[in-house]
Each structure stands twice: as structure tokens, then as C-alpha cells.
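Spelled out from the first residue to the last, the chains are:
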Amino acid sequence: MLAPMLHCPECAFANAEGAKYCQKCGAFLGEPGEDDRESTASYRIDDASGELVPVDIDDMLEEEGALLVIRGGGGRAGESFALSQDRLTMGRGPESNIFLDDVTVSRDHALLVRRGEQWFLDDLGSLNGTYVNRRRIETQQLDDGDELQVGKYKLTFLSR
């Protein structure tokens, strides 16, 4: 007889019964409201040294007004990106402002753009699509706490 499997609510991977976290994507497998994990530390990668630099989210929000934090995908959970320019490209191309190196991400996947006081996410014709709060979008105004998905990367949009 086969051992019972527990399917991940995020990626549907079949995990062994009793597992707390998905072996594939790291999502919490417990009951809703049961997630008692501590929050992930946030960091950025220093341009000069390539070292991880701890980031205080509240301070960064105060300075920049908005940022993205990777929550899942690619082993980069906690990495943050200050939205310090009015236009930021997201994609697999090394020239992207937010470089997401995975085959599930198009070279020129999406664009974050400030229009007036609001931030918008525009899909740039990506093959796998761009999602906000699990809905595929062409363009979407972003609100604090929105979940973005670009390829296998899940990001959280934060604004003050």
C-alpha cells in the first residue's frame, strides 16, 4: 500500500503525510491560520560586493514609499527591491531592474510603473503570464499587500 500524500496548496506537489512545508516550493502545509512561522528576514544584494545586506522594511518603506519582497521561488525569499524609480523592468534578461533568473520568467516579463501616485504592474506579453492575487492580468493597479507572481517567483507589494 502506498503512503498517504499531502498535496501542496501552492504548487500541488505530493508531499509525505505529516510534512509541515512543501519539499518543492517551501509553502506551509498546515491548516489555514495555523502558520506560526516567524517572518522571513529581508535583505538586498549589495551592488559593489555582492554580499547580502539586511533591510529594515519599515525604514525602506519610509524612504522609498514602496517595495517588493520575494516570498517564494528560486531560493531568494526575503530579497527586497526598493521602488526608487518610476519604471522598473522585471524579467530574465540580465539588464532587468528586477532580475528573476528562471526559465519560467520571460526575458522582458513585466513592468512596474508609477502613474501619478499609484503603482501599476503591466505584463509585457510574457509566455507564462503575470498574476496579481492569483488572477492573470494585462495591467493592474497595485495595493499594499498584493501578491504578484512572475514565473515561479511570488512577490509581495508593500507601500506606505
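Everything discussed here concerns the structure shown above.
Residues numbered from 1 in each chain as written. Predicted model: local features only at pLDDT ≥ 70, side-chain atom pairs only at ≥ 80, totals over all residues. Heavy atoms only, no water.

Every other side chain in a regular strand lies on the same face of the sheet, so the side chains alternate between the two faces. With four bridges connecting them, strand E7 (residues 87–91) and strand E9 (residues 110–115) associate as antiparallel partners. Residue pairing in the sheet places Met90 in a bridge with Ala110 of E9. Of the strand pairs in this sheet, E9 and strand E10 (residues 118–123) are connected by six bridges, and their pairing is antiparallel. Bridge pairing links Ala110 to Asp123 in E10. (Pairing = 2+ DSSP bridges. Helix = DSSP H or I, 4+ residues; strand = E, 2+ residues; numbered from the N terminus.)

Moving on to the pattern of salt bridges. Applying the stated criterion to the full structure yields four salt bridges. When the shortest N-O distance is used, the salt bridge between Arg115 and Asp122 registers 2.5 Å. On the basis of relative accessibility, which here comes to 11%, the residue Asp122 falls in the buried class. The salt bridge partner of Arg134 is Glu147, with a shortest N-O separation of 3.9 Å. (Salt bridge = Lys/Arg side-chain N within 4 Å of Asp/Glu carboxyl O. Buried < 20%, exposed > 50% of the residue type's maximum accessible area, 1.4 Å probe, protein only.)

In space, the five strands of this open sheet follow the order E8-E7-E9-E10-E13, with mixed pairing throughout. A strand with exactly one partner marks an edge of an open sheet, and here the two such strands are strand E8 (98–99) and strand E13 (139–141).

This next bit is on the nonpolar core. Within the largest apolar cluster, 21 residues are counted, with the highest numbers of intra-cluster contacts made by Leu68, Met90, Leu100, Leu112, Leu121, Leu142 and Leu155. At three residues, strand E15 (residues 153–159) tops the list of elements feeding residues into this core. Discounting residues that sit within four places of it in the chain, Leu112 has contacts with Leu68, Leu83, Asp86, Arg87, Leu88, Met90, Ile98, Trp119, Phe120, Leu121 and Leu142. (Core = buried A, V, L, I, M, F, W, Y, C linked by side-chain atoms within 4.5 Å. Contact = heavy atoms within 4.5 Å.)

Everything listed here is a matter of geometry and, on its own, says nothing about what the molecule does.
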